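# Per-entry structural report
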Amino acid sequence: MLRLSAAEVLGRSERRLDPVEADRLRHALRRLIAGEPPSRIFGRREFWGLPFILSADTLDPRPDSETLVEAVLGRITDRSAPLRFLDLGTGTGCLLLALLSECPETVGFGVDIALGAVRTARSNAAALGLAKRARFFVGDWGSPISGRFEAIVANLPYIATGELAGLPPEVGRYDPRRALDGGEDGLDAYRSIAPAVPVLLASGGILAVEISAGQATAAIAIFEAQGLAIDGIERDLAGFERCIVARLGKTDRAGARSGGQKHLGMYGRPV
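In this text, all values refer to a predicted model and were calculated from it rather than measured experimentally.

## A word on the side chain of Ser-65
With respect to the helices, strands and loops of the structure, Ser-65 is situated in the loop between β2 (50-53) and α4 (66-73). With a relative accessible area of 6%, Ser-65 lands in the buried category. A polar contact is formed between the side chain of Ser-65 and the side chain of Asn-155, at a distance of 3.4 Å. Setting aside residues no more than four positions away along its own chain, Ser-65 makes contact with Phe-47, Leu-95, Asn-155 and Glu-210.

## Things to note about the confidence of the model for the protein chain
Residues with a pLDDT of 70 or more make up 86% of the protein chain, whose mean pLDDT is 88. Scored below 50 in pLDDT, residues 251-271 shows 68 contacts in the model against residues more than four places distant or in partner chains.

## Side note on the packing of aromatic side chains
To describe a pair of aromatic rings, one takes the distance between the centres and the angle between the planes. This model, assessed by the stated rule, comprises four aromatic pairs. Ring centres of Phe-47 and Phe-52 lie 6.3 Å apart, and the angle between their planes is 80 degrees; on these two criteria the pair is classed as edge-to-face. Per residue, the accessibility class of Phe-47 equals that of Phe-52, and both read buried. Pairing Phe-109 with Phe-149 gives two aromatic rings, centres 5.9 Å apart and planes at 70 degrees, and the pair type is edge-to-face. In this pair, Phe-109 sits in strand β4 (residues 107-112) while Phe-149 sits in strand β6 (residues 149-154), placing the two residues 40 residues apart along the sequence. By the burial criterion, Phe-109 is buried, and Phe-149 matches it. These aromatic residues form a ring-pair network of at least three members: Phe-109, Phe-137 and Phe-149.

Reading the values: the criteria
Residues numbered from 1 in each chain as written. Predicted model: local features only at pLDDT ≥ 70, side-chain atom pairs only at ≥ 80, totals over all residues. Heavy atoms only, no water. Helix = DSSP H or I, 4+ residues; strand = E, 2+ residues; numbered from the N terminus. Buried < 20%, exposed > 50% of the residue type's maximum accessible area, 1.4 Å probe, protein only. Polar contact = N/O pair within 3.5 Å; in protein donor to acceptor, adjacent residues only side chain to side chain. Contact = heavy atoms within 4.5 Å. pLDDT = per-residue confidence, 0-100. Phe/Tyr/Trp six-rings, centres within 6.5 Å; stacked < 30°, edge-to-face > 60°.

Here's what the structure looks like:
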């Protein structure tokens, strides 16, 4: 890792680098020319205005996923309430920690199958001053978790196996395969978590999951088969359907397509 960041090197061009720094900069430039994303080279990425450390076991957080954070925050009527959040497939912990940064009395739990990802998420929580309110566990989706939660978020592996080879190099070569590979149709992870969601959601709570373009209808059917109702489909900054929001009970499917129509009251801790 460079002693100076890339921005510092460019912004202080009059400063002479010592031999170690110069060698590291040349190495970083070679990696950049080879197509490696700067976030991987320097080991960090900004998400929701917060700095996150990356590792080989984590996805590189991208702005599209901030749609999930916005979807949850837009449905919380009181951000100072003592809530419980759950992040399935937490990776860097970016979704959970971004939410905790906005909800000062909330506690959160993150689960990932990769020990390296859990360690990375714990490091990020400590660096952001959120370690006292965030706990991370190794597990297969929601298997190590009990209790009920006012919000569950999940950025699932949703790329169909046959499409992995066609991903852009900065994704396919550097993000962990198991965080990308969603099985034959890209929806295996949705089928895995859907049965647990009604057990884990508190009354009035919501589920926010990331989807890829064109997956909304099939993913909705998976969750509706478990008795969940669709509360909204949120679009990312590019206008693509990026996030399904679901809850327990019935809702108006016609209104759900527009997204962000309802604000759920989430008060107190689940029993």
